[in-house]
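Okay, here's what each chain looks like letter by letter:
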Amino acid sequence: MTYKLDGAKFPTMEELIEALYPLYEDRMNREEFRKFADENVEKS
C-alpha cells in the first residue's frame with residue numbers, strides 16, 4: 001500500500017509524516033498533522 005498527500009507518494013504513513021511535516025509545522029503541531037494526514041491521505 002502507498003500513501004499519497006500533496007502529490008507525493010510514500011510506502012508508509014510514518015515516512016509521509018517525516019517528509020511532509022516540516023512543510024506544515026508552522027501551521028500545526030505533529031499530532032495535528034498526523035490527524036490531518038490520516039483524514040486526507042489517499043491510500044492505494
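Predicted, not measured: the structure shown is a model, and the values here were computed from it.

**Some words on the pattern of salt bridges**
Stage number 1. Under the definition given, this model contains three salt bridges.
Stage number 2. The partner of arginine 34 in a salt bridge is glutamate 14, and the shortest N-O contact between them spans 2.9 Å. Placement of the pair is arginine 34 in helix H2 (residues 30–40) and glutamate 14 in helix H1 (residues 13–24), with a sequence separation of 20 residues.
Stage number 3. Judged by relative accessible area, which is 41%, glutamate 14 ranks as partly exposed.
Stage number 4. Where aspartate 26 meets arginine 27, a salt bridge forms, and the shortest distance between an N and an O atom there is 3.8 Å.

**Some remarks on the nonpolar core**
Soluble, globular proteins show a tendency: their nonpolar side chains are buried together.
Stage number 1. With 13 residues, the main nonpolar core has Leu5, Met13, Leu16, Leu20 and Phe33 as its most contacted residues.
Stage number 2. Those elements giving two or more residues to this core turn out to be strand E1 (3–5), H1 and H2.
Stage number 3. Looking at this core, the element that brings in the most residues is H1, giving six residues.
Stage number 4. When sequence neighbours within four positions are dropped, the list of residues in contact with methionine 13 reads Tyr3, Ala37, Asp38 and Val41.

Calculation criteria
Residues numbered from 1 in each chain as written. Predicted model: local features only at pLDDT ≥ 70, side-chain atom pairs only at ≥ 80, totals over all residues. Heavy atoms only, no water. Salt bridge = Lys/Arg side-chain N within 4 Å of Asp/Glu carboxyl O. Helix = DSSP H or I, 4+ residues; strand = E, 2+ residues; numbered from the N terminus. Buried < 20%, exposed > 50% of the residue type's maximum accessible area, 1.4 Å probe, protein only. Core = buried A, V, L, I, M, F, W, Y, C linked by side-chain atoms within 4.5 Å. Contact = heavy atoms within 4.5 Å.

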